Amino acid sequence: MSMRTRMAQHRADASSYHRRIVAAFLAVSGFVAIAKLVGAFKEMVLAWRYGTSAWVDAYVFLFNVVTWPMAVWFSVLMAVVVPLVARLRSVSEDQSRVFIQELNGLNWVLSGVAAVGVAAGLPHALRHWSGLHGEALELALAWAGPFALLCGLGMATTLQSVLILASERHDNTLLEAVPSLVLLVVLWLPAHWIGQPLVWGSLAGFAAHLLCTVAVLQLRGQAVWPRLGFRSPGWRTFRAGMGTMLLAQMLASGTVLIDQWLAAPIGEGAVSTLSYAGRVLALLLGLGAMALGRATLPVLADAQSVSGARARAVAIQWVKWSLLAGAAAALVAVPLVGPGVRLLFERGAFAAEDTAAVAGALQFGLWQVPAYFGSLVLISLFSAQGRYRPLLLAGLLGMAAKLVTAWWLLPSMGLQGVMLSSAAFYTAGLVLLMQLQRPATQS
């Protein structure tokens, strides 16, 4: 059967897993494009107003530190809760609702604990482990308290976003533009209107994001009141995968913290240079990879509940397509890096030498794109199967590869070596996951 015939069959079959993934991918891609464009405008205004100064070093460092727990928690919830809710709904809507209520209660408690913990420990970590110095360190210490609130607000938002995703709706992706949009508006205001706009604009944006996700669930009749307790039978499955997935996501999300820890001693402006390069790279990764991961997980979870062999076959096909798409995207992006960075950032306090530094780092960051694309599909497959240990092993191998690569290349290549270490992380993880994937029995 020809490729054209198979594609026609999938288009005609409303229940086709490939068709559902493509439909979700297109929807998420559109939402991601909007969210990333808003983020890009925010970065343009940030660059115009602050350049690669100590202010941006402090802001980026703090933002990455306090959002790391919420990024880990979101990834864990997405990987564990989306397949679990699909299984509970196939048994009973009541079981699903009770579990979501109790998980919501736990999530609010953890959000408060995270905010208090970050507020208590962040000043000590900044003084002794951050690598920041001078004005950047002083600013970070002054902002540490308010930024701890971001962690609590973000943790509270993550579950609401995952619940939207679990219903195979993707409004949560569009709503991720809200924090950037609010901060963008605040940065555009006259400087004397709001003192510390980076702090208060970020807080207002995260609060607005939480309210928007709750409002979407409420409008659809999917919002639930939190309830404390562990009576749902879903907790057994949740606990079985929680610890392993938590460690795996800490490793994967921790690459951002390690990168800025490696960059900070290079000198003032290194963290912000790495951040600008990472923001541009996130545009490319977000348009393809984020959409791919969020599109495949709910569909593969549903396929796994019917046939493990079918879910694997669908996933492996999408891994092949993802690797090809990632390689093509990276090749197309290489000659556009310099002009793109210049167009986005070179104005105001952001000078031509800053463009050269950001573009130089970004070109090496593109090497991670193909492996990153392919890995996300395999992560969705293993999550749908309830097999979290391979993801932890891939994270451990990837982190080892990253640290060795950074140790080898950082002295001679600086930020470019940091970027290449991320490519080593995703490539090593992809190779291991491809070796470990195998037909799995239905979970």
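Everything numeric here is computed off the predicted structure, so don't read it as measured data. (Residues numbered from 1 in each chain as written. Predicted model: local features only at pLDDT ≥ 70, side-chain atom pairs only at ≥ 80, totals over all residues. Heavy atoms only, no water.)

A. Local environment of the packing of aromatic side chains. The full count for this structure, using the stated rule, is 17 aromatic pairs. Here the aromatic rings of Phe-63 and Phe-206 are separated by 6.0 Å at their centres, their planes lie at 80°, and the arrangement is edge-to-face. Of this pair, Phe-63 sits in helix α3 (residues 54–91) while Phe-206 sits in helix α8 (residues 197–219); the two residues are 143 residues apart in sequence, bridging distant segments of the chain. Overall, the relative accessible area of 9% leaves Phe-206 in the buried class. Their ring planes at 85° and their centres at 5.3 Å tell us that Tyr-276 and Phe-350 sit as a pair that is edge-to-face. Note that Tyr-276 is positioned in helix α10 (residues 270–306) and Phe-350 in the loop between α12 (337–345) and α13 (352–365), a separation of 74 residues in sequence. Counting every residue linked through ring pairs, the aromatic cluster contains Tyr-50, Trp-55, Tyr-59, Phe-63, Trp-143, Phe-147 and Phe-206. (Phe/Tyr/Trp six-rings, centres within 6.5 Å; stacked < 30°, edge-to-face > 60°. Helix = DSSP H or I, 4+ residues; strand = E, 2+ residues; numbered from the N terminus. Buried < 20%, exposed > 50% of the residue type's maximum accessible area, 1.4 Å probe, protein only.)

B. The arrangement of empty space enclosed by the protein in detail. Inspection of every chain in the model, using the stated rule, returns two cavities of 30 Å³ or more. Of the voids in this model, the second largest cavity is the one considered here, and its volume is about 80 Å³. Taken together, eleven residues line the second largest cavity, and the ones lying closest to its centre are Asp-57, Leu-132, His-133, Ala-136 and Glu-268. Of all the elements in the fold, those that place two or more residues in the lining of the second largest cavity are α3 and α5 (134–166). Among the residues making up the lining of the second largest cavity, the classes are represented as five nonpolar, three polar and three charged. (1 Å grid on protein atoms, 1.4 Å probe; cavity = no way out; pocket = protein on both sides within 12 Å on 5 of 7 lines; lining within 4 Å. Points joined across faces, edges and corners; volume = space filled by probe spheres on them. Nonpolar A, V, L, I, M, F, W, Y, C, P; charged D, E, K, R; others polar.)

C. View of the packing of α3 against α8. Where α3 contacts α8, the two axes come as close as 11 Å, and the packing angle between them is 25°. Classified by the interaxial angle, the pair formed by α3 and α8 is roughly parallel. The crossing of α3 and α8 is right-handed. Where α3 approaches α8, its residues Trp-55, Tyr-59, Phe-63, Thr-67 and Met-70 are matched on the opposing element by Leu-198, Ser-202 and Phe-206. For the contact of α3 with α8, a count of residues per class yields six nonpolar, two polar and no charged. (Axes fitted to C-alpha atoms, helices over the stretch in contact; angles between N-to-C directions. Parallel < 35°, antiparallel > 145°, perpendicular 65-115°, else oblique. Left-handed = near helix turned anticlockwise from the far one by under 90°. Contact = heavy atoms within 4.5 Å.)

D. The side chain of Asp-259, seen in detail. Turning to its location among the elements, Asp-259 is positioned in helix α9 (residues 234–263). Among the polar contacts listed, one links the side chain of Asp-259 to the side chain of Lys-402, at a separation of 2.6 Å. Ignoring anything within four residues of it in the chain, the contact list for Asp-259 reads Leu-274, Lys-402, Val-418, Ser-421 and Ser-422. (Polar contact = N/O pair within 3.5 Å; in protein donor to acceptor, adjacent residues only side chain to side chain.)

E. Looking closely at the nonpolar core. Counting 132 residues, the largest nonpolar core has Tyr-59, Leu-126, Trp-143, Phe-147, Phe-238 and Phe-345 as its most contacted members. Ranked by the residues each element gives to this core, the list is headed by α3, at 23 residues. Leaving out residues up to four positions away in the same chain, Tyr-59 has contacts with Lys-42, Leu-46, Trp-143, Phe-147, Leu-183, Leu-198 and Ser-202. (Core = buried A, V, L, I, M, F, W, Y, C linked by side-chain atoms within 4.5 Å.)

F. Representation of the confidence of the model for the chain in the model. Of the residues in the chain, 93% reach a pLDDT of 70 or more, and the chain-wide mean stands at 83. Taking the mean pLDDT of every element in the chain, the minimum, 50, falls on helix α1 (residues 3–12) and the maximum, 92, on helix α16 (residues 415–436). (pLDDT = per-residue confidence, 0-100.)

G. Molecular detail of the pattern of salt bridges. For the structure shown, the criterion picks out three salt bridges. Among the salt bridges present, the one from Glu-102 reaches Arg-231, with a minimum N-O distance of 3.9 Å. Taken as a pair, Glu-102 in helix α4 (residues 93–129) and Arg-231 in the loop between α8 and α9 lie far apart in primary sequence, 129 residues in all. Arg-342 is paired through a salt bridge with Glu-346; the nearest N and O atoms lie 3.9 Å apart. Overall, Glu-346 belongs to the partly exposed group, its relative accessible area being 30%. (Salt bridge = Lys/Arg side-chain N within 4 Å of Asp/Glu carboxyl O.)

H. Here's a closer look at the state of the cysteines. Under the definition given, this model contains zero disulfides. The structure places no disulfide on Cys-212, whose sulfur is separated from the nearest cysteine sulfur, that of Cys-151, by 20 Å. (Disulfide = S-S within 2.5 Å.)

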